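The residues making up each chain are set out below.
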Amino acid sequence: MSVVKDLKQTVQGAMQGAMQGVMAKAAQVAPESWLPGGRPDILIEHRNGLIGAPVSRLDGSLKVRGKAEFAAEFPMKNMVYSALAFSTIAKGRIATLDTAEAEAADGVVLVMTYRNAPRMARPPALMTGDKAGAGDDLPVMQDECIHWNGQPIAVVLAETQEQADYAKSLIHVTYDVETATTSFAQARENGTEQGTFMGPLLTEIGDADVALAAAPIKVDQVYRTPRQNHNALELHAATLAWEGERLLVHDSSQGVTLVAWSLGQIFGIEENQVQVTSPFVGGGFGGKFLWQHQTLAAAAAKLAKRPVRITLSREGVYRVVGGRTITEQRIAIGADLDGHFKAVIQTGTVAMTRHNALPEPFISSARHAYGAETFKLRVEVAYMDMLANTFMRAPGEAVGTFALESAVDELAVALGIDPIELRARNEPEKDPTSGLPFASRNIVEAFRQGAERFGWSKRQTTPGETRQGDWLVGMGCASGSYPYSRAPGGAARITLTQAGHATIYVAAHEMGMGTATVHTQVSAARLGLELDQVTFILGDSTLPGNVMAAGSGQTAVIGGSVMAAQQALVAELLKLLQKDSPLAGLKAEQLLGLNGGLAKADEPERHETYSSILTRAGKDEITVETDAPPPLESMHWCMYSHCAQFCEVGVHVVTGETRIRRFLGSFDCGRILNAKTAASQFRGSIIMGLGLALMEETQFDERNGRIMNPSLAEYHIPVHMDVPELDVIWTDIPDPHAPMGAHGVGEIGVTGVGAAVANAIYNATGKRIRDLPITLDKLM
């Protein structure tokens, strides 16, 4: 059956890819007026005093008072607690498994292993279908086979968490060990394959090798980035129960509809028999989709016939939830004597498993950043026996820009040209690899504003010239980019009451970035209402839409969905108008929301309130629900966010310690919808980028495939003392082809940070570090 299923998925994938190719070609040549974004969103001009306002999070008081319920806080009657036991080998089979002592321990309700687990289908892996949400497609506790070091081998249910944790220590297991590929070097020797991520990770334009060889000035180096693990503040958790053949899951999720559909596939029930709620999430960053812990908890709950709560320990997150994979990248840039790029080459290898579909696409930024004459960009995959890697904030761009932007800095030094000027000389007029026109691109302006504010003109060009006591001081900069994304599947419902209150329903997510706040602002502006006249409901798989909080695309998806729903609402309201209405005879496209009702856009005195329209029509309320149009705009225009990152470091001449003294991010992300929440997102991303640059590294034992630092005591992330005050600015130039004129802001801030830090360290010390993280031993 698995072979038939795999073949079916392959055929479906090929058909879907072919259809997308046809749509892309049609969108490229279509008149702009036919496309979403062909006419600027009316909110770009009519901001109604709400778009961009620094509104504090509307759910802030709930969180500080402990009234916001997270996944591990939902009460359920007769609930039991769970703990997982993990394998200690990378590949093989369970030879013996003794659970008798654990089953006899105080408070234990059930010990589930492959011997008594219910039969379940293989999970649908992320990127293999519209609603596929699993981290990998391995069977979940269905046999004795071990696929990675840390794979769950048993689930213990007990009356208390302490009883479950103790009982799992009483499980005794032995293994028949098989030869595993746990070395990256060995995996490459075994052979690599072409990587694929939303299409082949391969771009070749002209003969870049010949152009590089002929270029009078060139750099050609190898950069390496390590594995990194997810460390969201809120641990991965779920509280769930079966109600007959229905499954209710309170999850910590950034894809409630994906998790609901995928669990339905695993347990052989319909999607509408699974309800996943996730009203509050304490950080996701790409790691909170469907992993084995939710499936195991649901299976154990089915056996025990009791609700189950599962909360992964910090170690459990490292064992069960994938992170960013290792990369080795060759960067070569050839330029003429004026600094114009003749060739850009970025090729290399990433590690992956054969059970997931997420190679780290580190060439993404190089496809769009600079106007070179030739390109050779390729990602190869080497397969290892390890936990499946997954999305992690700015997958591809975060590590790809470290290599690319470090190489640009190296080339600037070789040419004797200011790094900002070199970037400006290679600014493309259109997308250099697709040929599409830019929808909005103001990176040169972002660099100009950032350089002026940061004091870039004071930078010494010769490394090591600036010294303060025992500290060498240097400045560096880098560019970053991240794609605009409005994924398909958006939908929204609006209920408008006679009292003039609107409730918006979307299956979206609040992970701390301010989703509910921002879209209450946007929806109020679009409808012409005050903030307290709008309620935004999210975090439930039964709501409209298939929306992921991923790829910095949720804002565009929600915005496009609410825009479509508002247009449907206006159409319905027009049908209710009385003949003497000031709006009689007008068309929907002539109207906008204003002052609690509808008004003619160019003649706002022609106005009628919602209350008046519904009262005179004898309606208490009206509800509309509609899908967003397909995201054809990103097939017609090249749509990216951009940033210019500036860093000043101090490096101790004796110890090699690096301290970040100042950091500024200058962003070009279209219209900023909420100045306070956007600044918070930018700063959070920069902090994650500082961790990437200086400290984050998963210690992976290549002898046995085990992660050796699965705790925040041993896996270092930035703390307050590591981070200075971060300055963030933005152009606030709207993209005329995006909903609200806005791009996502959740991931752009991490791109370019690693290179900005590395380039500043070079400026301070003259040492070029090409392997992350930049720890003091590399600088001593």
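Anything mentioned here points back to the structure above.
Report follows, based on the coordinates. Note that the structure is a prediction, hence the values are computed from the model and not measured. (Residues numbered from 1 in each chain as written. Predicted model: local features only at pLDDT ≥ 70, side-chain atom pairs only at ≥ 80, totals over all residues. Heavy atoms only, no water.)

Comments concerning the sheet that holds strand β4 (residues 145–146)
Here is step 1: Strand order in the open sheet made by the three strands is β4-β2-β6, with antiparallel pairing throughout. Strand pairing shows two members of the sheet lacking a second neighbour, β4 and β6 (172–177), which therefore form its edges.
Here is step 2: The sheet contact formed by strand β2 (residues 92–98) and β4 spans two bridges and is antiparallel. Looking across to β4, one finds that G92 is bridged to I146. (Pairing = 2+ DSSP bridges. Helix = DSSP H or I, 4+ residues; strand = E, 2+ residues; numbered from the N terminus.)

Considering the pairing of strand β20 (residues 491–497)
Here is step 1: A large share of β20 lies buried, amounting to five of its seven residues.
Here is step 2: Across four bridges, the pairing between β20 and strand β21 (residues 502–505) is antiparallel. Residue pairing across strands places L496 opposite A502, the latter belonging to β21.
Here is step 3: Counting the residues that bridge the hairpin from β20 to β21 gives four residues, and of these G500 lies at a positive phi of roughly 85°. (Buried < 20%, exposed > 50% of the residue type's maximum accessible area, 1.4 Å probe, protein only.)

As for helix α13 (residues 443–454)
Here is step 1: The end-to-end C-alpha distance of α13, which contains twelve residues, comes to 16 Å, matching closely the 16 Å that a straight helix rising 1.5 Å per residue would cover.
Here is step 2: Those residues of α13 that fall on the buried side of the exposure criterion are I443, A446, F447, G450, A451 and F454. Along α13, the residues classed as buried sweep out an arc of 125° about the axis, all on the same side. Along α13, the residues that are exposed and aim more than 90 degrees away from the buried face are E452 and R453.
Here is step 3: Its buried side turned inward, α13 meets α12 (419–425), β19 (471–483), β27 (638–652), β28 (658–668) and β31 (726–730). (Expected span 1.5 Å × (residues − 1). Arc of directions from axis to C-beta. Contact = heavy atoms within 4.5 Å.)

A word on the packing of helix α8 (residues 256–267) against helix α9 (residues 292–304)
Here is step 1: For the pair α8 and α9, interaxial distance at closest approach is 11 Å and the crossing angle is 50°. Our classification of the angle between α8 and α9 gives oblique. Our pair here, α8 against α9, has a crossing hand that is right-handed. Note on element contacts: α9 touches α8 through T295, A298 and A299, opposite L263, I266 and F267.
Here is step 2: Taken together, the residues that form the contact of α8 with α9 break down as five nonpolar, one polar and no charged. (Axes fitted to C-alpha atoms, helices over the stretch in contact; angles between N-to-C directions. Parallel < 35°, antiparallel > 145°, perpendicular 65-115°, else oblique. Left-handed = near helix turned anticlockwise from the far one by under 90°. Nonpolar A, V, L, I, M, F, W, Y, C, P; charged D, E, K, R; others polar.)

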